[in-house]
Amino acid sequence: MLLRHTPAEVADRKALTVNPAKTCQPIGAMYAAFGIKGCLPHSHGSQGCCAYHRSALTRHYKEPVSATTSSFTEGSSVFGGQSNLLSAIETIFTVYEPDVIAVHTTCLSETIGDDIPQIADKARKEGKVPDGKYVIHCNTPSYVGSHVTGFSNMVRGMVHYFSEGTGHRNGKINILPGWVEPSDMEELRRLAKMMEVKTILFPDTSGVMNGPLTGEYKMFPDGGATVADIKDAGNSMGTLALGEWASADAARLLDTKCKVPCKVLDLPIGLAATDRFIDALRLVAGTVVPDSIAFERGQLVDLISDYHQWTYGKKVALVGDPDQLISLCEFLVTLDMKPAHVITGTPGKRFEERIKEICPEANVKAGQQADMFLLHQWMLGEPVDLIIGNTYCKYMARDLDIPLVRHGFPILDRPGHQYFPTVGYKGAMRLLESIIGAILDRKDRDDPEETFELVI
Amino acid sequence: MATTKKKKALPSPEEVRAEIISKYPPKVARKRAKQIVTPGEGQEGCAPEIMANVRTIPGILTMRGCTYAGCKGVILGPTRDIVNITHGPIGCGFYSWLTRRNQTRPASPEHPNYMPYCFSTDMQDEDIIFGGEKKLRAAVQEAFDLFHPQAIAIFSTCPVGLIGDDVHAIAKEMKEKLGINVFAFSCEGYKGVSQSAGHHIANNQIFKHVVGTDDTPPAGKFKITMLGEYNIGGDAFEIERILDKCGITLVATFSGNSTYDQFARAHTADLCTVMCHRSINYVADMLEQKYGIPWIKVNFIGAKATAKSLRRIAQYFGDKALIEKVEAVIAEEMPAVDAVAAEVAPRTTGKTAMLFVGGSRAHHYQDLFSEMGMKTLSAGYEFAHRDDYEGRSVIPTIKVDADSRNIEEIEVVPDEKRFKPRKTEAEIKALMAEGFPYKDYEGMMAQMEKTSLVIDDLNQYEAEKLIEIYKPDVFCAGIKEKFSVQKLGIPMKQLHSYDSGGPYAGFQGAINFYREIDRLVNSKVWGYMQAPWQKNPELSATYVWE
């Protein structure tokens with residue numbers, strides 16, 4: 001047994017987190033910043049933060065993840081990191097020539113209290129920021145919230161620095177996709193295009209975190225939302241913010257700053273959440289949903305009915321991020337599956353309420369000590385048929401001999417998430433394919449010879 | 001005559017250096033110029049001076065990580081039976097959770113193994129404001145109540161040092177309260193200039209708090225320690241297999257596939273062998289000063305290097321049976337190695353490599369490449385010091401700067417009870433006269449070609465430049481460099497984590513490495529990058545639909 005020390009009996013913990021179901025803010029800010037075209041994320045802290053975030057994102061995407069660091073030393077920790085950041089800004093614009101440097105802080109620079117806007121302003125006055133180039137920032141203290149909070153903060157930073165209302169509406173709809181995969185962002189754009197809705201989607205990591213192998217290395221790939229588009233987001237007709245945790249703050253700022261009204265929706269994962277997204281997009285854009293989208297929806301419903309026998313009544317344990325889990329649980333209920341245990345390390349009371357609304361019988365916990373150790377203990381007490389979560393779940397899945405469907409962050413040991421979406425109807429079909437595949441692979445493995453079947 | 005494409009003459013190393021630094025702001029260029037040298041620049045057969053173990057310039061896309069990573073991740077990461085609690089916000093603990101491919105093999109399913117677990121105090125803003133000591137104390141208690149380990153270690157992250165939590169006082173208090181060993185590391189990420197400081201902090205604390213606490217001598221006639229071996233991809237298993245076959249007892253490994261008890265008994269060995277000179281040579285020195293155990297540098301990366309290292313160990317013990325046994329093992333193992341080397345040679349000979357990794361691997365792996373007939377064009381370390389490049393003879397001349405000064409140096413005196421010189425001075429002298437490399441390491445540059453480039457703390461821009469100029473057949477570095485290199489169509493081998501491969505140490509490891517490099521440099525995938533219409537864009541087709 002790999003996790004041989006996990007006892008079934010749950011003892012109350014108040015201080016120790018074991019096997020976390022979250023990580024820290026800065027990595028979310030770094031990921032979001034890759035969704036701006038020509039942007040170099042910059043970590044204002046010790047070298048290790050940047051190295052760790054780059055490594056984690058690289059392992060998840062198998063793509064180059066180039067970001068810089070202020071390389072704090074003991075001296076900068078005592079006297080503040082101003083000179084490090086000034087030097088970094090000069091070096092970055094000279095050597096790497098990005099259009100934007102997106103600075104996020106760390107627990108170190110937050111504890112010291114470095115004032116990033118003041119330092120960036122000084123850099124500009126000292127001529128270290130070339131004309132037409134930008135230094136934006138967001139605060140991401142690692143001891144507040146989680147990686148999702150950091151993502152949300154950087155998206156908010158994009159609105160804060162760039163979006164402006166010129167008084168001329170552009171006829172577009174903003175879509176804030178939340179922390180989803182590049183493939184998902186691409187899928188959202190595809191759906192909007194099918195509906196002939198003009199959109200501004202940001203951040204957009206498609207084409208950045210799932211690039212081709214051509215023999216050419218582009219430090220700044222062709223993908224990403226342009227600064228011009230994020231500026232123009234202030235002139236859009238409205239904003240659809242996908243996911244309360246990852247997108248709502250930025251959408252609300254667009255509303256107060258540029259008077260662009262917003263609607264916060266669940267991530268369009270699964271049938272019902274995708275229905276709400278498509279319907280909301282139809283209404284805000286004042287358009288009709290084409291038959292081609294209704295066709296995709298119908299295919300999903302068809303698939304649900306074809307394999308309902310194998311999803312019905314199956315118990316599932318889930319761990320991940322709030323926005324994903326809310327929609328995933330709803331989808332599982334749609335399939336007549338039973339979410340039994342739901343864990344997220346990201347804090348938020350509203351999360352537990354939402355999950356209870358969707359699946360009242362589930363065990364649910366969010367925030368501190370809501371970790372995979374607890375999830376493991378819950379599963380030891382009440383076994384499930386399937387686990388849905390990131391790659392770390394494979395240790396529990398192996399010990400407990402329960403099939404695992406990988407979803408969320410990070411996925412370190414399988415390909416697919418970069419290229420194939422789980423949002424939209426097509427995405428739901430892929431997700432369902434994975435779920436059915438996992439359940440039936442297990443059945444085929446375990447069935448005695450006499451009931452081993454060709455046709456299922 | 002073979003039809004080989006005429007290669008354009010390569011620029012001289014000096015020209016390459018000048019081209020690389022021309023892009024930098026003046027201050028950066030001045031500093032980087034001192035970190036890029038060519039062994040040919042050295043005077044009177046000595047290696048030239050290289051600037052190393054200095055701060056990375058902010059904003060430079062460095063490969064380096066932090067002190068916490070070096071301490072918790074590298075040194076303590078591979079030890080399976082200590083509960084390692086990260087005191088800090090959640091990230092540091094999360095990122096160092098199972099990501100280094102340290103393998104471990106508990107004696108039985110009942111033996112402890114905490115490596116698949118991540119323990120953290122997950123500090124919140126109130127802990128930063130009011131101090132995190134209370135939470136840390138409670139976390140240690142909860143860890144004890146849940147797992148009852150024989151030791152608990154506490155690792156400080158950046159904010160801990162700033163807010164002034166006294167982790168050592170809490171460790172002491174909990175040690176007394178719980179009756180198990182509890183110790184702490186002041187390994188805040190901002191200390192030092194790289195992971196190297198973290199290695200030092202980790203090793204110092206293990207030396208102070210664990211080594212020498214158990215005098216039970218393990219059975220065996222020839223007892224050694226292996227210092228600086230971290231069992232990535234199973235390297236330690238292969239080294240253990242070979243040593244076992246030779247009849248050499250491995251008392252302790254620091255720290256691949258290790259346990260707390262191994263550290264506690266390390267002082268009962270009669271010889272220390274050092275793999276990664278950078279991360280641990282000072283522990284070897286301290287073990288000699290305190291307990292009287294001599295040390296030598298070894299290298300189990302490369303079949304020939306493995307054989308040489310085994311012979312050195314046998315030479316030290318001077319036992320005829322052992323010397324014969326070692327020769328017999330080498331003779332038994334080498335045919336399989338030679339067969340695979342010969343098999344891949346037609347496809348690897350004449351190919352070129354670059355290695356930028358770690359504090360020893362960029363040197364060690366040159367042996368494996370040369371066994372395959374491959375040439376190292378350029379190499380450098382991520383976090384090494386001058387002695388790792390130039391040899392130990394420069395140690396007295398290395399200036400201690402402010403960043404190194406804040407890393408604790410332990411004063412070691414001979415242990416009253418346990419100090420016992422394993423060899424007399426005369427015996428050591430006699431061994432040295434026979435060529436025994438007592439406490440010696442000549443560094444990376446001694447082995448490299450005069451026109452090669454040695455670059456310390458290489459960054460992404462420089463890597464791209466090197467590839468553009470030299471077009472190596474394989475580039476070796478870490479995960480962060482992996483895909484920017486491969487996008488250029490150059491195969492990239494991770495020498496931190498070995499991608500998903502290994503072991504590469506010892507005889508079996510050499511075979512694995514030959515096959516892996518053969519696979520990489522001859523993979524068909526690099527030929528797929530252009531579509532047919534990109535290769536022949538002219539619209540000259542004659543196919544007609546009419």
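To be clear, the structure that these remarks concern was listed above.
A short tour of the structure in this document, coming up. The structure presented is a predicted model; accordingly, all values stated were derived computationally and were not measured.

Here's the deal with the interface of chain B and chain A
Each partner contributes to the interface: chain B provides 81 residues, whereas chain A provides 74 residues. Across the interface of chain B and chain A, roughly 6800 Å² is buried in total on both sides, 64% from carbon and sulfur atoms. Counting the surface chain B buries against chain A, the share from its top three residues, B:Tyr95, B:Tyr117 and B:Lys487, is 12%. Linking chain B to chain A there are 3 salt bridges. At the boundary of chain B and chain A, one finds 35 residue pairs in polar contact (both at pLDDT 80 or more). Of all the secondary structure elements, the ones that give two or more residues to the side of chain B that touches chain A are helix H3 (67–75), helix H4 (90–95), strand E3 (119–120), helix H5 (125–130), helix H6 (133–147), helix H7 (158–163), helix H19 (460–470) and helix H20 (479–486) of chain B.

A few points about the sheet that holds strand E9 (residues 262–265) of chain A
Within a sheet, neighbouring strands are paired by backbone hydrogen bonds and run either parallel or antiparallel to one another. Residue and element names in this part refer to chain A. Strand order in this open sheet of 4 strands is E7-E6-E8-E9, and the pairing throughout is parallel. Each edge of the open sheet carries a strand with a single partner, namely strand E7 (199–201) and E9. Geometrically, the sheet is characterised by an average inter-axis angle of 20° between neighbouring strands, direction not taken into account. Where strand E6 (residues 173–176) meets strand E8 (residues 238–242), 4 bridges bridge the pair, whose relative direction is parallel. If you follow Asn 174 over to E8, its bridge partner there is Thr 239. Together, E6, E7 and E8 form the strand contacts of helix H8 (residues 182–194), whose direction differs from that of E7 by roughly 175°.

Topic: empty space enclosed by the protein
Counted under the stated rule, the structure contains 11 cavities of 30 Å³ or more. Estimates place the volume of the largest cavity at around 670 Å³. What lines the largest cavity is a set of 44 residues, among which B:Val74, B:Arg100, B:Gln195, B:Phe383 and B:His496 lie closest to the centre. Going through the elements one at a time, helix H2 (47–61) of chain A together with H3, helix H9 (195–209), strand E6 (222–229), helix H15 (361–371) and H20 of chain B are the ones with two or more residues in the lining of the largest cavity. Broken down by element, the lining of the largest cavity gets its largest block of residues, 5 residues, from H2(A).

Definitions and cut-offs
- Residues numbered from 1 in each chain as written.
- Chains lettered and ligands numbered in written order.
- Predicted model: local features only at pLDDT ≥ 70, side-chain atom pairs only at ≥ 80, totals over all residues.
- Heavy atoms only, no water.
- Contact = heavy atoms within 4.5 Å.
- Buried area = accessible area lost by both parts, 1.4 Å probe.
- Salt bridge = Lys/Arg side-chain N within 4 Å of Asp/Glu carboxyl O.
- Polar contact = N/O pair within 3.5 Å; in protein donor to acceptor, adjacent residues only side chain to side chain.
- Helix = DSSP H or I, 4+ residues; strand = E, 2+ residues; numbered from the N terminus.
- Pairing = 2+ DSSP bridges.
- Axes fitted to C-alpha atoms, helices over the stretch in contact; angles between N-to-C directions.
- 1 Å grid on protein atoms, 1.4 Å probe; cavity = no way out; pocket = protein on both sides within 12 Å on 5 of 7 lines; lining within 4 Å.
- Points joined across faces, edges and corners; volume = space filled by probe spheres on them.

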